[in-house]
Every structure is written in C-alpha cells, then in structure tokens.
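Each chain, letter by letter, is given below.
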Amino acid sequence: MPKLISRDGPEASSFVWREDGFTHIADDEAPGGELGQVIISLSRFQADGDRWLAEGRSVGVRLKPEDPVEGLAYDLPRLAVVALEFPKFRDGRALSAAALLRERYGYAGELRAVGEVVRDLAKEMSRCGFDSFEPSDGSTPEQWTISVFRFRHVYQSAADRRAPAFRERIHIPTAEG
Amino acid sequence: MYRYDAIDRSVIQDRSAEFRDQVERRLSGALTEEHFKPLRLMNGLYLQLHAYMLRVAIPYGALSSDQLRGLARIGRIYDKGYGHFTTRQNLQFNWIRLEQTPDILDALAEVDLHAIQTSGNCIRNTTSDPYAGATAEEVDDPRVWCEAIRQWSTLHPEFSYLPRKFKIAVTAAPQDRTAAKVHDIGLVLRRDRDGQLGFEVMVGGGMGRTPYLGTTIREHLPVQSLLSYLSAILRVYNRHGRRDNIFKARVKILVAALGAGEFARQVEAEWTTMDRVAVDLPDVELARIRGAFSYVRFVDASPVSSSLEAARRADPTLGRFVRNNVKPHKIAGHAIVNISLKTPGEVPGDCSSDQMDAIANLADQYGYGEIRVTHEQNLVLPHVKLDDLAAVHAGLKAAGLACPNVGLASDIIACPGLDYCSLANTRAIPVAQSIAQRFSMPDVAESVGELKIKISGCINACGHHHVGHIGILGVDKKGEEFFQLTLGGSGAEDASLGDVLGPAVAYDQVTPAVDALVQAYLRERRGAERFLDTYRRVGLTPFKAAVYAEAH
Amino acid sequence: MSLAAVTASDLRDGEVVFWAEGRWVKRFADAELFNAVEPGQAALDLARAQPTIVVEPYLINLDLEGGVPVPTSYRERVRALGPTIHPEMGKQAEGGLVVQALRAHAGGARSSGRLGLIRLKR
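Residues numbered from 1 in each chain as written. Chains lettered and ligands numbered in written order. Predicted model: local features only at pLDDT ≥ 70, side-chain atom pairs only at ≥ 80, totals over all residues. Heavy atoms only, no water.

### Structural notes on the overall build of chain B
Helix and strand content of chain B: 19 helices and 21 strands. Expressed along its principal axes, the backbone C-alpha trace of chain B runs to roughly 60 × 60 × 55 Å. Looking at chain B as a whole, 66% of its 552 residues are labelled buried. Looking at chain B alone, contacts between residues at least 24 apart form 68% of all its contacts between residues at least 6 apart. Of the roughly 18300 Å² of accessible surface on chain B, a fraction of 52% belongs to carbon and sulfur atoms. When the 63 positive and 65 negative side-chain charges of chain B are each reduced to one mean point, those points stand 4 Å apart. (Helix = DSSP H or I, 4+ residues; strand = E, 2+ residues; numbered from the N terminus. Buried < 20%, exposed > 50% of the residue type's maximum accessible area, 1.4 Å probe, protein only. Contact = heavy atoms within 4.5 Å. Areas by Shrake-Rupley, 256 points an atom, 1.4 Å probe, with all protein chains shown as cover. Lys, Arg positive; Asp, Glu negative; His and termini not counted. Charge placed at Lys NZ, Arg CZ, Asp CG, Glu CD.)

### Some points on the interface of chain B and chain A
Interfaces are frequently sized by the accessible area removed from exposure as the parts join. Across the contact, 45 residues belong to chain B and 36 residues belong to chain A. Summed over both sides, the interface between chain B and chain A buries roughly 3600 Å², with carbon and sulfur atoms accounting for 54% of that surface. The three residues of chain B that bury the most area against chain A are Pro157(B), Tyr161(B) and Arg239(B), which together make up 21% of that side's buried surface. Across the chain B-chain A interface, the total number found is ten salt bridges. Here chain B is connected to chain A by 24 residue pairs in polar contact (both at pLDDT 80 or more). Of all the secondary-structure elements, those providing two or more residues to the side of chain B that touches chain A are helix H1 (6-28), helix H2 (33-41), helix H5 (142-153), helix H6 (226-240), helix H8 (260-273), helix H9 (276-279) and helix H10 (283-293) of chain B. It is H1(B) that provides the largest number of residues to the side of chain B that touches chain A, a total of twelve residues. (Buried area = accessible area lost by both parts, 1.4 Å probe. Salt bridge = Lys/Arg side-chain N within 4 Å of Asp/Glu carboxyl O. Polar contact = N/O pair within 3.5 Å; in protein donor to acceptor, adjacent residues only side chain to side chain.)

### What about the environment of Phe263(B)?
Residues and elements named next belong to chain B. Within the secondary structure, Phe263 sits in helix H8. For Phe263, a relative accessible area of 0% corresponds to the buried category. Remark: the alpha-carbon pair of Phe263 and Ala360, spanning 97 residues in sequence, is separated by 45 Å. Apart from the residues within four sequence positions on either side, Phe263 is in contact with Val203, Ile217, Ile233, Val236, Val251, Leu254, Val255 and Leu258.

### Brief notes about the arrangement of the chains
Ranked by contact count, the leading pair among the two pairs of chains in contact consists of chains A and B. No interface is formed between chain A and chain C, the nearest pair of C-alpha atoms being 18 Å apart.

### Notes on the packing of H1(B) against H2(B)
Residues and elements named next belong to chain B. At a minimum axis distance of 10 Å, the contact between H1 and H2 shows a crossing angle of 160°. One way to sum up the angle between H1 and H2 is to call them roughly antiparallel. Here the hand of the crossing between H1 and H2 comes out left-handed. In this structure, H1 contributes Arg15, Phe19, Gln22, Val23 and Arg26 to the contact, and H2 contributes Glu33, Phe36, Leu39 and Arg40. (Axes fitted to C-alpha atoms, helices over the stretch in contact; angles between N-to-C directions. Parallel < 35°, antiparallel > 145°, perpendicular 65-115°, else oblique. Left-handed = near helix turned anticlockwise from the far one by under 90°.)

### Concerning H2(B)
Since there are 3.6 residues in each turn of an α-helix, residues three or four apart along the chain are aligned in direction. Taking burial as the measure, the nine residues of H2(B) include seven buried ones, the bulk of the element. Within the span of H2(B), buried status applies to Glu33(B), His35(B), Phe36(B), Pro38(B), Leu39(B), Arg40(B) and Leu41(B). If you follow the buried residues of H2(B), they end up packed against H1, strand S1 (45-47) and strand S2 (52-56) of chain B together with strand S4 (54-65) of chain C.

### Some thoughts on the domain arrangement of chain B
All names here are of chain B. Per the domain assignment, the segments making up chain B are domain 1 (6-110), domain 2 (142-292), domain 3 (306-398) and domain 4 (413-550). Look at where the C-alpha atoms of domain 2 and domain 4 centre, and you get two points 31 Å apart. Of the roughly 1100 Å² buried between domain 2 and domain 4 on both sides combined, carbon and sulfur atoms contribute 67%. Along the contact surface separating domain 2 from domain 4 lie zero salt bridges. If you look at where domain 2 meets domain 4, you find three residue pairs in polar contact (both at pLDDT 80 or more). Grouping the amino acids of the side of domain 2 that touches domain 4 by side-chain chemistry returns eight nonpolar, two polar and three charged. (Domains from an automatic or database assignment. Nonpolar A, V, L, I, M, F, W, Y, C, P; charged D, E, K, R; others polar.)

### So, the interface of chain C and chain B
Across the boundary between the two partners, chain C contributes 29 residues, which contact 34 residues of chain B. With both chains or domains summed, chain C and chain B bury close to 2600 Å², and 57% of this area falls on carbon and sulfur atoms. For the pair chain C and chain B, the interface holds seven residue pairs in polar contact (both at pLDDT 80 or more). At the level of elements, strand S1 (4-10), S4 and helix H2 (74-81) of chain C are the ones that each hand at least two residues to the side of chain C that touches chain B. Of all the elements, H2(C) adds the most residues to the side of chain C that touches chain B, at four residues. Class assignment for the residues of the side of chain C that touches chain B results in eleven nonpolar, ten polar and eight charged.

### Quick notes on the pairing of strand S6 (residues 81-86) of chain A
All names here are of chain A. Counting buried residues along S6, six of its six residues qualify, which places the element largely inside the surrounding structure. Two elements, strand S5 (residues 59-63) and S6, share four bridges in a ladder whose sense is parallel. Bridging from a neighbouring strand, Arg62 pairs with Ala83 of S6. Relative to strand S7 (residues 110-115), S6 runs parallel, the two sharing six bridges. Its bridge partner being in S7, Glu85 is matched across the sheet by Val114. Handedness of the crossover joining S6 and S7 through helix H2 (residues 93-104): right-handed. (Pairing = 2+ DSSP bridges. Right-handed = clockwise from strand over helix to strand, strands pointing away.)

### As for the confidence of the model for chain A
Per-residue confidence for chain A averages 92 on the pLDDT scale, and 94% of its residues sit at or above 70. A low-confidence stretch, residues 172-177 of chain A (pLDDT under 50), is modelled with six contacts involving residues beyond four sequence positions or located in other chains. (pLDDT = per-residue confidence, 0-100.)

### Quick notes on the state of the cysteines
Tallied over the entire structure, the rule returns zero disulfides over all chains. The thiol of Cys128(A) is unpaired, and the distance to the nearest cysteine sulfur, on Cys122(B), comes to 15 Å. Owing to a relative accessible area of 2%, Cys128(A) belongs among the buried residues under this scheme. For the unlinked cysteine Cys458(B), the closest cysteine sulfur is that of Cys421(B), found at 6.2 Å. (Disulfide = S-S within 2.5 Å.)

### As for the packing of aromatic side chains
Summed over all chains, the structure comprises 20 aromatic pairs over all chains. A ring pair is formed by Tyr60(B) and Phe293(B), whose centres lie 6.2 Å apart and whose planes are at 65°; its orientation type is edge-to-face. Of this pair, Tyr60(B) sits in the loop between S2 and strand S3 (62-64) while Phe293(B) sits in helix H10, placing them 233 residues apart in sequence. Look at Phe293(B) and you get buried, because its relative accessible area is 8%. Each member of the aromatic cluster is reached from another via a ring pair, and the members are Phe15(A), Phe133(A), Trp144(A) and Phe149(A). A cation over an aromatic ring shows up here: Lys80(B) above the ring of Trp95(B), its NZ or CZ 4.6 Å from the ring centre. Lying across the ring of Tyr507(B), Arg427(B) places its NZ or CZ 4.3 Å from the centre. (Phe/Tyr/Trp six-rings, centres within 6.5 Å; stacked < 30°, edge-to-face > 60°. Lys NZ or Arg CZ within 6 Å of the ring centre and 35° of its normal.)

### What about the environment of Pro442(B)?
Looking at the secondary structure, you find Pro442(B) in helix H16 (residues 442-448). Here the alpha-carbon distance between Pro442(B) and Ala287(B), two residues 155 residues apart in the chain, equals 46 Å.

### Quick notes on the sheet that holds S1(C)
Residue and element names in this part refer to chain C. Pairing is antiparallel in the open sheet, where five strands are placed in the order S3-S2-S1-S4-S5. If you trace the sheet from one side to the other, it starts and ends with strand S3 (23-25) and strand S5 (68-71), each paired once. Across the sheet, the mean angle from the axis of one strand to that of its neighbour is 45°, orientation sign disregarded. Judged from the three bridges that link them, S1 and strand S2 (residues 16-20) form a sheet pairing that is antiparallel. Across the sheet, Ala8 pairs through a bridge with Val17, a residue of S2.

### Things to note about the packing of helix H12 (residues 316-325) of chain B against helix H14 (residues 389-398) of chain B
Residues and elements named next belong to chain B. For the pair H12 and H14, the least separation of the axes is 11 Å and the interaxial angle reads 100°. With respect to H14, the element H12 is oriented roughly perpendicular. Across the interface between the two elements, Thr317, Leu318, Phe321 and Val322 from H12 touch Leu389, Ala390, His393, Leu396 and Lys397 from H14. When its residues are assigned to classes, the contact of H12 with H14 shows six nonpolar, two polar and one charged.

Shown next as structure tokens:
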C-alpha cells in the first residue's frame, strides 16, 4: 500500500508516514469491487459521485488547478479527501485553492497535495492548509518536518493558524487560542 | 529608518539556512538544475554570461550606513570590489560563486540584508520614493506602507508561486519618483476631502514586450485595508493569470483580457468575502512601524546658510552641483542630496566598494546615517544640513562621485546588457557611455536641460526604455546589434509610453542619432520647455527628419 | 559542418568553461575543436552526463578570424572574453593571439550562440 506523508495530528509539530487507503481512479477506469476508497476527478465525481457515495464508498475528489473549488462547496461535507494537483511545483494555483477550501468553505477533512510535490514547497503547502502529501521527490517525513518548521516566525496568518509576527509582537493570541 | 527586531532577523537567518540546504543538494546532485533554478531565482541568484549574479534586496531603496558598508565588504571579499545599483532600487553583484552564496547570505544577514524574492515568480521588492521622509510634497511617509508590504509579502505561503513576477510601487507625493504607473500595482497615497488617507490603486502597468500603463481600479482605498486588498488582487491573479505562455503571464495581460472593470469586480468580490481582520495589520503594529521611521531628530538650522552661499561663490562646481543634484527638504536649513552614479565614462549604476564606504561615512557624518537608492540608479543622502553641503560635496568629489548631472542627458539608465546578462540581445552600457560622453560638458548638458534617456539591451525592458524621454532598445537585426529609438515616454506622474521613431539604427549610429534628436529639440523648443514637452507639442516629424537625414 | 566547440558554465563558480578531451578548461584557446558532427555530439553527450560539474552544456559554431577559430556568435565571444567595458576582467585579461582574434571578429550579435541558430552573414 502506498504511503503518504501526513501530519501527526492536526496541531502536531511533526510529520509521519501513513498508509494510504485510497486509490486514484482514472476517468476511464472501473472503480474496483469491494467498495474501496477512491479518489476521482471532478467530472467523474459529477457523473458518478452520488451513486458511489450512496453505495457506501469513501470518495475523494482530485482537482486540477483550473477546476474551480467553488463548485465543490456544497459537496465538501460528503468528501473524505480533497486532492489538489501540482502539475509542476512552480504552479501555485493549488495554494490558493487550499486556502479557499480551509478559510472560506471551512473544509476540515483531509487535504492532499498530489502531482509534483516537493519538500521545497512543504511550508507553503502546509501553511495553506494541506495536511497530507504524496511526495514526488523521495522526501521523508523527517525532511518534511524540517522544511515546514524551519522558520521560527511567520509574517502572515494562514490556514495553519500560526500566530503571525504582528500578533506575536503585541502578545495577542490568535482568536482560536 | 526601520530596524529589524528579533523576529525579522530570525526570518532572514532561517531563509539563509534553507538556501544553504538547497545549494548543498544541488552541488551533491540531489537536485537537478531544472529543479534548482526556480529555487535559486527565488533568492536572487542568476547564472549570467561570466559568473553567477546575486541580486540583493534593498527594501524600498532605503539603506543604513552600516548596511552600505556591509555591501562594500561583500563586494571586496566575494566580488571584484564593486556592485551595481539597479532600476529596481536593488544591488547586484556580478562575479559570484554558487558555492560561496550561503556564506554571502550570512554576511548580508549580519547587517539585516538578504536576497529574498529578488527574482522568481513572486512579490518583489517594493519600489518607493527615494525622498520619502524628506520631501515636503508627501502626504504621508510611504515607507510605513512599504514596510507593511515587505512583511506581508515575505515568504507569503499563497503568493510565492505566481504565474509571473509581481512588482508594487508606493508613492505619496504628486511628483512620482517610483514609476508607479508601470508597476503591476501602483499605489498613490492621497487624502480625501475629509482628510482621510487612502490609496489610489492602479493595476496592470508594466513594460517588457507588451507595455501598459496601470488602470485605476479603486480611487480611495482606506489605508488600514491595504494588505487585505492586495491579497484579493494577488488571489485573483494567482488563480486566473495565464500560465501557458510566459510572455502573457503578467497581471497586465489578465487585466487587459478581462477589462479593468471586470478585474476590479472580481477583486472586490474576493475582498468582501475575505477575513480581513486576519490579514490587515492592527493599528498598534502600524504605529510601531511608523515610530521606526520618525526617529530622525532634525537639528535646528537656519533656512539660509551663509557659509554655503560663500562656498558657492568661491567654487562654481559646487554651484552647479547644488543647482542640479540638491533638492528642497521639508525641514528648514536641510536639503536632499542626489549622488550621481553616472559620471560620464563610468558604468551607470556601478559603485566601487571604496565609494560605498565613502558614502557611508558621509552619511554618518552629515546625513543621519541614511542612504537611499533611486530607480534611476543613483543614490541619495536624504537629510543634509545646508551648512554641511560644501563638506559633502568635497567628500563626494574626493570619491569621484560629485558629477552634477542628475536629471540631465548624461544621467542615463541602462541595463547590464550583453556585457553581463544572458538574456540580452545587445550591449547597453557602452551605448550609455558613448551618449554620456557626448553630453559630458556640464554647460552643454545644462543647456539641454531635463532629458531622461533609458536604454534596454533586450525587450525585457530592465532599462525602462518605454518610459524614456528618449528610449533606446537593443535588437538583433541579422546578427548585428541595432537600436530602436522611441520618443515621448515618461515614468513620472505624467506617465506615457514612447512612440517608435523609425527604423532601428546601427550601434555606432546611436550617439549621432541622439545628438540629432537633441539638436532638433533645441531648434523647436519654446521657452523653458523640456525635451518631453516639446515632443508632446510638435510630435515625431521634426525628430524623424533630423535623425534619418543625418544617420543615413 | 563548420568548426564547433562545446561550452557550459561551471556549476560551482559559474565561470565559462569549454570541453577539451574529457576535461573542462577555462580558456577558449584551450577548447577542443570539432570539425564533424559526430565527435561534437559525442562530446556534448559526455558533457551532459556531468550535471554536478557544469550547467547546460551546448555546442557553439566557430568561424576563422585570420586563421584562428573564434565563436561565430557575438554573445559567445563576450563569454569567451569578459565584459567589453572591463578589458581587465574575465578571460581577456590574459591577452594573447586568440584573445586578439576574438576581439577582432565582427558580426553574429545574436542572443544565443547555439549551434544551428546562427545565420551567418555572407
């Protein structure tokens, strides 16, 4: 079973390997028997999502950078995973999509980075709300932990709820505590 | 000026450590060049024709004397004893070794400097008015807002992998010394009728192969909302800017494609649904930043300096220096001193380590320890007492820095061009040197008056040729260096893009052509008209006739 | 095929380097010259197999200047010499016959010196 780098709990300060129970299913591929856990494209979800969810499958949706996250807003509570794709690590659209899912649409489930997922973006992805990663560069959870927490301070508030410098300076904790 | 606290310092130290790790991975082969290149660019490291080039950020063009000395030291240890001030108020070292770069970053961090986001598809160093805090023209100190932007944009998790680079300018004076209208975002601080401070927000300006002037999408944004509004613009751009074609990826193309009205609508929709409290700086933080910029306790000085007047009578070169390089200060008895890095024969923007030290010492002795960089590749001592001007002039003269040509024909902007840059089609520096020599006689330059000549060695327009009164663009024509001339551009408050004069001219014909343009101007000008005013009144025809009669 | 050489930038210091029988040399005067496609391509393939030594190797076209081979492209001559505005900097500082030939040659001011992209002036 493939492995994911995953945060060791929502507020944890380290990352660990986690078994990945989900299978990515291509648009022209059958989902397999046994009502397995699947990750499918947005268009496949729009076609088959209701039926598969009704059958009792766990369903995740994989969004390409050009797919609007707004279209998923009402389905978020039914989804087990939202996977956002980085066709190249330099393509930062999924960072905005992640921020929107977490901050505007209140998505609290697994948010997974797929595609060209490299540790040089670990802190950006983590800060924007990603909590699981399919690394494409051979990174380990230990390396991921170093990359994410290398910076002792940050300047912006983001989905990871770290206190930004402007709050640390005036000793006002974030609203969430 | 703003001094870094422990938090600011930790960020540049941690960034330096991160880059050291990335360099080690590249040298060991763990990272390919394709993977490493965008990472090194995010830290201002280019591979140029002869060596690596490191672009050091000078946030909004403001330097302390200690920082300038730090740059001088790095120039001596790690380069060939000089640096190059750029059209974006930064400093470039031209002879850098990759394996030494982490040590250079540590040395920069010792004086609170860094190379963060000086290249790459991220938010770059903010351009601001080099006279900020010194000119009586401004309605507020733009550096307060630049520092707010610096912190917000530094390692922004969402906006570090944009479709393309992103440049912001902030000015608070009616005279625009930032070229705000050719930035991705130009911010002009104004007070409304009720006295409330706000920003006019212009988007979609830029140069390169598709030049545009920015369009106003909001007339008066309350200043407290600056960062959330910028976030809204960046989010719309990050999501919808083109990524399929590098030449169409700047925000100007998105604004043009959507129309400014629709772009503004999308920004407002994003902004109104955003959690602004989480993004905008609280008043107490803004007050902290503002306090850092109001530390200068100006010494009382007489509005007229008898010693200066006496010195001017004794030394006509001082008189000329004061006439061209010295500008009025908001405090009586003080002045703003421009230091030209354009002495004819020298490389525009270049400054030796010895000269940096000399300027830092003058700043300490006579200028409250502050130095500014202009986007026209000159330096500024923003606060000098009139009584000290003669001493400053003498000090600059001793360092070879007293050229009295600011704003004149020999004060030319030029990109590094094919002498250094791997993107260039043609050289730019020797073209600038040749034109500057033509106008090297101070009387000649002064009789011509304000003339902004700007030279780019390729279409990327780092030399700002689109907004030169005379713009010069190097093109490759059948394997030879040729130069296209444009007239009537301006990067100031009366911004405009230049018009193409006619067919490009050969390398050795550029200076004669510029000379012919100036002669035509002198024939046509009325009263105190500048070159730009005359061109705007009479149009291309007499200039065309002058150049193509004489060059062919 | 006209004469060619293989050039690149040294990964560690960014300096211009040229291929010479399995080594990298810093002076154009020491570069290995190829007068046929196959050996040039073979050298390029070997060079490309050294990504921790050099960055982005490529072939450049050469002309003869008074019998001395020099790069056809102006850009490549600037690389081989150093900045034209600083004759004391870069490889040109040493002087010599090849440096003189590099300076004397005219034309080919293209943004890329890569083989096949140069249109020669006839």
